Amino acid sequence: MIVCECKGLTEVGIRNLIREGWNSMPLLEAATGVGGDCGGCWQELARLLAEELDPFPDPRDDLPTN
Ligand code: FES
């Protein structure tokens, strides 16, 4: 699936870059230019980064603390 139409980057390609250490929006943009044109892919990039950096989030993290 294409994530960034402007740069022709796929979800698999972006996930591989994140796993190789390009693990932030600025690093991904520096490596590929992704997100640097129209910005239409930023929301999906953020989702992929969150999934790759914390693939098993603890649902209790979203509970309010008193
Ligand atoms: S779709 Fe990624 S910069 Fe345009």
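Let me sum up the structure you'll find in this document. (Residues numbered from 1 in each chain as written. Predicted model: local features only at pLDDT ≥ 70, side-chain atom pairs only at ≥ 80, totals over all residues.)

What about the overall build of the protein chain?
Move 1: Assigned secondary structure in the protein chain consists of three helices and two strands.
Move 2: If you list the helices and strands of the protein chain from N to C, you get β-β-α-α-α.
Move 3: Overall size of the protein chain, expressed as C-alpha extent along the three principal axes, is 45 × 25 × 20 Å.
Move 4: Expressed as a percentage of its 66 residues, the buried residues of the protein chain come to 14%.
Move 5: Considering only intrachain contacts with a sequence separation of at least 6, the fraction spanning at least 24 residues in the protein chain is 46%. (Helix = DSSP H or I, 4+ residues; strand = E, 2+ residues; numbered from the N terminus. Buried ≥ 20, exposed ≤ 12 C-beta atoms within 10 Å, placed from the backbone. Contact = placed C-beta atoms within 7 Å.)

What to know about the nonpolar core
Looking at soluble globular proteins, one finds that nonpolar side chains tend to be buried together.
Move 1: Residues Val3, Cys4, Leu9, Ile14, Leu28, Val34, Cys41 and Leu45 constitute the largest nonpolar core, which totals eight residues.
Move 2: Not counting chain neighbours up to four residues away, the residues in contact with Leu28 comprise Ile14, Leu17, Trp22, Val34, Gly35 and Leu45. (Core = buried A, V, L, I, M, F, W, Y, C linked by C-beta atoms within 7 Å.)

Considerations on the environment of Trp42
Move 1: Take Trp42: it is sitting in helix H3 (residues 42–53).
Move 2: Sequence separation of Trp42 and Leu9 is 33 residues, and the distance between their C-alpha atoms is 12 Å.

Regarding the environment of Ile14
Move 1: Within the secondary structure, Ile14 is located in helix H1 (residues 11–19).
Move 2: Ile14 sits 12 residues away from Pro26 along the chain, and the two C-alpha atoms are 13 Å apart.
Move 3: Filtering out sequence-adjacent residues up to four positions away, Ile14 remains in contact with Val3, Leu9, Leu28, Val34, Leu45 and Leu48.

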